[in-house]
Amino acid sequence: MAYFQSKPTAGRHFLQIPGPSNVPDRVLRAMDNPTMDHRGPDFGLMGKAVLEKVKAVFKTKSHVVIYPASGTGAWEAALVNTLSPGDRVLMCETGWFAHLWHEMATRLQIVPDYIRTDWRRGADVAAIEAKLREDKAHAIKAVCVVHNETSTGCTSRIDEVRKAMDAAGHPALLLVDTISSLGSIDYRHDEWGVDVTISGSQKGLMLPPGLSFNAVSAKALKATETAKLPRAFWDWKPMIASNATGYFPYTPATNMLYALDTALDMLLAEGLDNVFARHDRHAEATRRAVRHWGFEVQCADPRHYSSALTAVRLPEGHSANALRGTILEKFNMSLGNGLGQLNDRVFRIGHLGDFGDLQLVGTLGGVEMGLRAAGIPHKSGGAQAAMEYLSGNA
Ligand code: PLP
């Protein structure tokens, strides 16, 4: 029986929230190795290998800093290493996580300019370009975008954000949150000219929560020289200095690094393009099920569909939270709740990380049984529609 399970339930729990995702057994076994001396000679060998290997998933040749922290810590690290109190930044309110990042920036005495959306699409690239063109004095120091908005299932086009910044001829830094996209959706730190990529362990990287990341461009590193926000724990400088020999300035999360090493091996053995195609396919199968049931996906722009999760809108008068409760109670599956203004309006199906066709069919079957049990009117056969798509696109 799992820890803290309130009632005995046979069979494996389906953890289909959009992160933390399911951790592969191989990764769990890697964590089960004895903790080693983080100042001893072997640690440096492991540290160097992992720090090098992790660059592949960010598609960067630059530094990747690893923190023993959740993604929120890596948000803060990105801001405090590059900015000063009173600096203006451009942020895009694509959903709940963009909102939280905006709130953090404000608390750090950064001054965000905020581009709103209806939470049904990714960042508004034309609005970003227009704001940057208006800013002739280059007062805006950074553009901050959440790549995959986990609250809505909308993925912003970072390649287009880069093009918009270039078209405006604006020198702002580009900071991107890939906490729920890295290792699930195509992402290219170097090619897209991103200055800080923020990520976390518990989603596409298939690890438990507990590690977070900053991939840092040369331009971002240069910005630290003039950035005046106070920083100590999050300071890149001592990290990068210690990392050169595979060590960390404080006690690292040793067993999580074993896990990261193994998860990276798994992702790279599958091939990142295959990993992304697998996620695309599962997302499309899920959307087919949703439409068949007669519901809308939260993301209204097909160019912004997320391959990591699907947020499903229930018809007016039906409670997404009650549905999730029924599914957990009857079928032992956790689905994501609606966040902020979407609370009770949507539920979110996570289809990211270590995930195969049969798990998806089980997940959609569980949702469909839940809809019936909760008395929510729908057209049955959504899981079947997904199966037809999956078997035709094996
Ligand atoms: N950004 C995004 C896109 C997220 O999905 C999350 C968490 O789900 C966060 C930031 C916050 O990360 P954490 O909860 O690991 O601190």
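Since this is a predicted model, take the numbers as computed values, not measurements.

**Student:** Looking at this structure, I do not really get the sheet that holds strand S14 (residues 346–350). What am I missing?
**Tutor:** By definition, the strands of a sheet pair up through backbone hydrogen bonds, in either a parallel or an antiparallel sense. As summarised here, the arrangement of the three strands in space is S11-S12-S14, forming an open sheet in which the pairing is antiparallel. Edge positions in the sheet fall to strand S11 (296–297) and S14, since each has one partner strand and no second. Relative to S14, strand S12 (residues 309–313) is paired through five bridges, and the arrangement is antiparallel. Bridge pairing links Val 312 to Phe 347 in S14.

**Student:** Even after reading the chapter, I still don't get the site of the ligand, so can you show me in this structure?
**Tutor:** As a matter of local geometry, the ligand sits amid 13 residues, with Ser 70, Thr 72, Thr 150, Asp 177 and Lys 203 nearest to it. Between the ligand and Ser 70, the relevant distance is 2.5 Å, taken from an oxygen atom to a side-chain nitrogen or oxygen of the residue. Summarising the interface, the protein chains cover 86% of the accessible area of the ligand, which totals 390 Å² for the free molecule. Per element, the largest residue contribution to the shell around the ligand is three residues, and it comes from helix H4 (residues 71–82). Of the residues that constitute the shell around the ligand, the class distribution is four nonpolar, seven polar and two charged.

**Student:** Please explain the state of the cysteines as it appears in this structure.
**Tutor:** Disulfides are covalent bonds that link the sulfur atoms of two cysteine residues. Scanning the entire structure with this criterion turns up zero disulfides. Distance from the sulfur of Cys 144, which forms no disulfide, to the nearest cysteine sulfur (Cys 92) is 8.5 Å. Its relative accessible area of 2% is what places Cys 144 among the buried residues. Of all cysteine sulfurs in the structure, the one in Cys 154 sits closest to Cys 299, which takes part in no disulfide; the separation is 3.4 Å.

**Student:** Please explain the packing of helix H6 (residues 125–134) against helix H7 (residues 158–167) as it appears in this structure.
**Tutor:** Geometry of a packed helix pair, given as the angle between the helix axes and the separation of the axes. Where H6 contacts H7, the axes come no closer than 9 Å and their chain directions differ by 25°. Considered as vectors, H6 and H7 are oriented roughly parallel to each other. Judged by the twist between their axes, the crossing of H6 over H7 is right-handed. Two secondary-structure elements touch here, H6 through Val 125, Ile 128, Glu 129, Leu 132 and Arg 133 and H7 through Glu 160, Val 161, Ala 164, Met 165 and Ala 167. Among the residues making up the contact of H6 with H7, the classes are represented as seven nonpolar, no polar and three charged.

**Student:** Help me understand the domain arrangement of the chain, please; the structure alone is not making it clear to me.
**Tutor:** Accessible area lost on assembly of the parts is the figure often given for the size of an interface. Here the chain is described as being made up of domain 1 (14–22 + 271–392) and domain 2 (25–268). Here the C-alpha centre of domain 2 lies 27 Å away from the C-alpha centre of domain 1. Facing 34 residues of domain 1, the contacting portion of domain 2 comprises 33 residues. Taking both partners together, domain 1 and domain 2 bury about 2700 Å²; carbon and sulfur atoms supply 55% of that area. At the boundary of domain 1 with domain 2, the tally comes to two salt bridges. When the shortest N-O distance is used, the salt bridge between Arg 303 and Glu 160 registers 2.3 Å. Where domain 1 meets domain 2, there are 17 residue pairs in polar contact (both at pLDDT 80 or more). For the side of domain 1 that touches domain 2, the secondary structure elements donating two or more residues are helix H11 (272–293), S11 and S12. Of all the elements, H11 adds the most residues to the side of domain 1 that touches domain 2, at five residues.

Conventions we followed
Residues numbered from 1 in each chain as written. Predicted model: local features only at pLDDT ≥ 70, side-chain atom pairs only at ≥ 80, totals over all residues. Heavy atoms only, no water. Pairing = 2+ DSSP bridges. Helix = DSSP H or I, 4+ residues; strand = E, 2+ residues; numbered from the N terminus. Near = heavy atom within 4 Å. Polar contact = N/O pair within 3.5 Å; in protein donor to acceptor, adjacent residues only side chain to side chain. Areas by Shrake-Rupley, 256 points an atom, 1.4 Å probe, with all protein chains shown as cover. Nonpolar A, V, L, I, M, F, W, Y, C, P; charged D, E, K, R; others polar. Disulfide = S-S within 2.5 Å. Buried < 20%, exposed > 50% of the residue type's maximum accessible area, 1.4 Å probe, protein only. Axes fitted to C-alpha atoms, helices over the stretch in contact; angles between N-to-C directions. Parallel < 35°, antiparallel > 145°, perpendicular 65-115°, else oblique. Left-handed = near helix turned anticlockwise from the far one by under 90°. Contact = heavy atoms within 4.5 Å. Domains from an automatic or database assignment. Buried area = accessible area lost by both parts, 1.4 Å probe. Salt bridge = Lys/Arg side-chain N within 4 Å of Asp/Glu carboxyl O.

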